[in-house]
Amino acid sequence: MLSIKNLTASINGTPVLKGIDLEIKAGEIHAIMGPNGSGKSTLGKVLVGHPAYEVTGGEVLYEGRNLFELAADERARAGIFMGFQHPIEVPGVSNAAFLRLAYNKKAEAEGRDELDPLEFDDFIHEKIKLVSMKEEFLDRSLNEGFSGGEKKRNEILQMAVLEPKLAILDELDSGLDIDALRVLGDAVNKLQRPDRALLIITHFPRILETIQPQFVHVLSGGRILKSAGKELATELEDRGYDWVLEEAAAGGAR
Amino acid sequence: MTSTFNVVTSQEYKYGFVTDIEADSVAPGLSEDVIRFISAKKGEPDWLLEFRLKAYRHWLTMAEPEWAKVEYPKPDFQKIVYYSAPKPKKPQYASMDEVDPELRRTFEKLGVPIHEQEALAGVAVDVVFDSVSVTTTYREKLAAVGIIFCSFSEAVKSHPDLVKQYLGSVVPSSDNFYAALNSAVFTDGSFVFIPKGVACPMDLSTYFRINNKESGQFERTLIVAEEGASVSYLEGCTAPQFDTNQLHAAVVELVALDRASIKYSTVQNWYAGDKDGKGGIFNFVTKRGLCKGRASHISWTQVETGSAITWKYPSCVLLGDDSIGEFYSVALTNHKQQADTGTKMIHIGRNTKSTIVSKGISAGDSSNSYRGLVKVQPKAEGARNFSQCDSMLIGQSCSASTFPYIEVQNRSARVEHEATTSKIGEEQLLYFQQRGIPAEEAISMIINGFCKDVFRELPMEFAVEATRLLSLKLEGSVG
Ligand SMILES: Nc1ncnc2c1ncn2[C@@H]1O[C@H](COP(=O)(O)OP(=O)(O)OP(=O)(O)O)[C@@H](O)[C@H]1O
Ligand SMILES: [Mg+2]
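A short tour of the structure in this document, coming up. Source: prediction; values computed, not measured. Every chain is numbered independently, its residues counted from 1 as its sequence is written. Ligands are numbered from 1 and chains lettered from A, in the order in which they are written. Predicted model: local features are reported for residues with pLDDT of at least 70 only, side-chain atom pairs are reported and counted for 80 or more only, and whole-chain, interface and lining totals are derived from all residues. Based on all heavy atoms of the structure, the side-chain values leave hydrogens and waters out of the count.

Another aspect to go through is the sheet that holds strand E1 (residues 2-11) of chain A. Residues and elements named next belong to chain A. Pairing between strands requires that DSSP locate at least two bridges from one strand to the other. We count a stretch as a helix when DSSP gives it H or I for four or more residues in a row; a strand needs E for two or more, and each element gets its number in order from the N terminus. Overall, antiparallel pairing links the 4 strands, which are arranged E2-E1-E4-E5 in an open sheet. Because the sheet does not close on itself, it has two edges, and the strands there are strand E2 (14-24) and strand E5 (65-66). In this structure, E1 lies alongside strand E4 (residues 53-62), joined through 8 bridges in antiparallel fashion. Within E4, the residue paired with Leu2 across the bridge is Tyr62.

All names here are of chain A. Mapped onto the fold, Ser147 is located in the loop between strand E8 (141-142) and helix H6 (148-162). Only protein chains enter the accessibility calculation, which uses a 1.4 Å probe; a residue whose area is less than 20% of its type maximum is buried, one above 50% is exposed, and one in between is partly exposed. Judged by its relative accessible area of 35%, Ser147 falls in the partly exposed class. Sequence separation between Ser147 and Ile4 is 143 residues; the distance between their C-alpha atoms is 34 Å.

To continue, consider the pairing of strand E19 (residues 353-362) of chain B. Residues and elements named next belong to chain B. Counting buried positions along E19 gives 8 out of 10 residues, so the element sits mostly inside the fold. Summarising the sheet, strand E17 (residues 324-333) and E19 pair through 10 bridges and their orientation is parallel. Residue Glu326 lies in a different strand from E19, and its bridge partner there is Thr355.

Once that is clear, we can look at the sheet that holds strand E6 (residues 80-83) of chain A. All names here are of chain A. Taken in spatial order, the 6 strands make up an open sheet running E6-E9-E10-E3-E11-E12, and their pairing is mixed. Across the chains shown, the open sheet's two edge strands, defined by having one partner strand only, are E6 and strand E12 (223-228). Mean inter-strand twist for the sheet, computed between neighbouring axes without regard to direction, equals 20°. As paired elements, strand E11 (residues 215-220) and E12 share 5 bridges and run antiparallel to each other. Considered in E12, the bridge of Val218 is made with Lys226. On top of the sheet, helix H1 (residues 40-48) reaches strand E3 (29-33), E6, strand E9 (166-170), strand E10 (197-201) and E11; it is set at about 145° to E6, its chief contact. For helices, the fitted line uses only the C-alpha atoms of the stretch in contact; every axis is such a line through C-alpha atoms, and the angle between N-to-C directions lies from 0 to 180 degrees. We call two residues in contact whenever any of their non-hydrogen atoms come within 4.5 Å of each other.

Nonpolar cores were defined as sets of buried Ala, Val, Leu, Ile, Met, Phe, Trp, Tyr and Cys residues, with membership established by side-chain atoms within 4.5 Å. Counting 115 residues, the largest nonpolar core has Leu169 of chain A together with Ile361, Phe432 and Ile447 of chain B as its most contacted members. Not counting chain neighbours up to four residues away, the residues in contact with Ile447 of chain B comprise Ile361, Met392, Ile394, Ile424, Leu470 and Leu474 of chain B. Counting residues in each nonpolar core, the second largest holds 34 residues, with Val34, Phe77, Ile80 and Ala308 of chain B among its members.

The next thing to look at is the site of ligand 1. All names here are of chain A. Residues in close proximity to ligand 1 total 15 residues, the closest being Gly37, Lys40, Ser41, Thr42 and His203. N or O atoms closer than or at 3.5 Å make up a polar contact, with two conditions inside protein: a donor-capable atom paired with an acceptor-capable one, and, for residues adjacent in sequence, both atoms drawn from side chains. Separating a nitrogen atom of ligand 1 from a side-chain N or O atom of Asn12 is a distance of 3.4 Å. Here an oxygen atom of ligand 1 sits 2.8 Å away from a polar atom, N or O, in the main chain of Gly37. Coverage of ligand 1 by the protein amounts to 62% of the 640 Å² it exposes when considered alone. If you tally residues by element for the shell around ligand 1, the top one is H1, at 3 residues. Among the residues making up the shell around ligand 1, the classes are represented as 4 nonpolar, 9 polar and 2 charged. Note on terminology: near, applied to a residue and a molecule or strand, indicates that one of the residue's heavy atoms is within 4 Å of it. In short, Shrake-Rupley with a 1.4 Å probe defines the accessible areas, and a residue's cover is counted only from the protein chains shown. Only Asp, Glu, Lys and Arg are considered charged in this grouping, and only Ala, Val, Leu, Ile, Met, Phe, Trp, Tyr, Cys and Pro are considered nonpolar; every other residue, Gly among them, is considered polar.

Right, let's get into the coordination of the magnesium ion (ligand 2). Every protein donor of the magnesium ion (ligand 2) is listed here as Ser41 of chain A (OG) and Gln85 of chain A (OE1), and their distances to the metal cover 2.0 to 2.2 Å. One end of the pair, Ser41 of chain A, is in helix H1; the other, Gln85 of chain A, is in the loop between E6 and strand E7 (90-94), and 44 residues separate them in sequence. Water is absent from the atoms considered, so a metal site may look incomplete; donors are defined as N, O and S atoms within 2.8 Å of the metal, or 3.2 Å for Na, K and Ca.

Residue and element names in this part refer to chain A. As for its position among the elements, Glu23 is in strand E2. When the C-alpha positions of Glu23 and Leu232 are compared, they lie 18 Å apart, and in sequence the two are 209 residues distant. Here Glu23 is in contact with Leu2, Ser3, Lys5, Glu28 and His30, once residues within four sequence places are set aside. In this structure the side chain of Glu23 is engaged in a polar contact, spanning 2.7 Å, whose partner is the side chain of Ser3.

So, on to the interface of chain B and chain A. At the junction of the two partners, chain B supplies 19 residues and chain A supplies 32 residues. Here the quantity called buried area is the total loss of accessible area, with a 1.4 Å probe, experienced by two parts when brought into contact, counted for both. Both faces considered, chain B and chain A share a buried interface measuring about 2300 Å² in area, 65% of it formed by carbon and sulfur atoms. When the area that chain B buries against chain A is broken down by residue, the three leading residues are Tyr431, Gln434 and Arg435 of chain B, summing to 33%. The working definition used for a salt bridge is a side-chain nitrogen of Lys or Arg within 4 Å of a carboxyl oxygen of Asp or Glu. For the interface between chain B and chain A, the tally reads 2 salt bridges. The partner of Glu441 of chain B in a salt bridge is Lys105 of chain A, with the nearest N and O atoms 2.9 Å apart. Between the two partners, chain B and chain A, sit 12 residue pairs in polar contact (both at pLDDT 80 or more). Going through the elements one at a time, helix H9 (426-434) and helix H10 (439-450) of chain B are the ones with two or more residues in the side of chain B that touches chain A. For the side of chain B that touches chain A, the leading source of residues is H9 of chain B, giving 8 residues.

It is worth stressing that arrangement in space is one thing and function is another; only the former is reported here.
So, in structure tokens, the structure goes:
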């Protein structure tokens, strides 16, 4: 589904990604872990087409197409979704109106029927149940004044509305209380299908107990230093990242 | 939805065409003779000619105001044409079918509903082309309930007493440089009179069009709502695209008696000049409402998108006890446009209330200033004001300024002012795009959200038009 080869990218002339290789197939769940500032969010933003990041080399194929030939909104309509680490607030734009426009853009691109406000109302009421969100959040301005956890819940609601093929979830778990973590983790699992894939960016193994990855990658200094199975997450929690860095410096891991 | 996209990407000013129509114009220049000519042309009574001449003589002693944060070459008042009327000179047509087909096509192209059968949800329209009113729709229906809605020139003829009673009663002819000029040379505009106890059954609307290259447009609008009457009035405007500047100096006076309510909405889309600031309308307008009676209510809503220079402060004089003044404004500037706009709320009566909501959007190299005065006079016991002034910046080279002036002379008054500045950044835009929403629609949605408190004051069709206009004007400004 997604094939990243030797991807390099920089921001304001400073290289942040220094050669990323990653293969994600349909049905797979991948986790990326790594120290602060190592480039995890950057990788996600480059994949979704953030204009501030300049791709300086390498290639990314999404469903066989050159990802960089698609504009950010085209990538989204083609099924790529990113749940942001810090979702932005947009005063005056109703959450429901935003969700409906996003839904209809995708429906239109896929040749499905668009939903009018009444139809969408029914549709969204099913979706908010999935993330246990209170109805009142639909009428509020998009993310405005939402708590950190509420913003994350809203991100997963958007994911549930758009049903992406590839979802990149950047620190979904940070700022979530224990119950919310379980609810959203379950919701993400329910949305996972054999023809979809997940890329989970996190610092904590806890979320990976609910959303269980087949692959865990350590990203540090703009490179993937180590890739292994799910057990790597727990090992990292116990031992930190230093040993991975040392191993990499010794040329032991790739 | 591709059609929306197409509209958005055709960023040229689509009202910039010139109608090739024979006009009856006076030679450029201003003098007492020109004023006498205009007055004679319109068959005015002596008192009105005197009003004009007095204003002119006063104007000669005045200097153009310099305090606004706008820079422009001062107009040469001797180069302006002060009277231009499409031929035939018949000042008013009984029906649109009598109107020159060329002129009719112009308004069709502009989307102005001049045929009653095509009218938007029953909006009565007065159409002003350069110096004269061309047609007014739905007159009989309105007359049946005692409402007078006609061109200003016609009102002078058919209701001289009303005009004489109220003309200049809110904006004296000596009020300011441009108001004085207007009082001397005004040519046409709309007159509205809503008698006691009548709620106007439909929105009234005037559509202004400047067509002549050298002509200035000096229209005069007077709206009077008697005791317990109410009316909603809409004003729209466009102009052709010339590389020289045209002057628009209008005066609008509103009078609300006891418990009367006047809602005045404008969507201003004069030609703004090109990307480099060549051409465009100089818009120097004096708009003021007098809440004369107890518990009267005047509300201004404006969406200012055009003009090279905007100098405009729709104001309320809250004379009657318990009267209410409101000002809701969206001012958008792009490229080299400059706007200095805001309001004045003068609290004179007791328990008077005012609300100011101003949203400034600046893009390109433009400059956008809010200038507002809240004045509470000594007798205005219990006066209240709330002001909210928000600015949004798009890009790096535009500027936004806020100049709130607050003068409170009564201790029981409460005046609150809030101001914010934000930016549509790439983060916000990316968020929308990441959800599959194209940039143009994203901008439109963000701007709409920003302007929501103002747009909800507009009648439905106007709100839709305003939304569309803002997106159009901002095309290509972000990302
Ligand atoms: N707009 C920017 N301007 C300058 N530097 C930036 C910008 N955005 C990111 N960076 C830098 O790029 C590097 C990678 O940042 P990124 O957000 O990808 O880290 P991360 O791995 O997601 O960290 P965290 O775990 O803290 O979320 C950091 O050093 C960061 O300071
Ligand atoms: Mg991050």
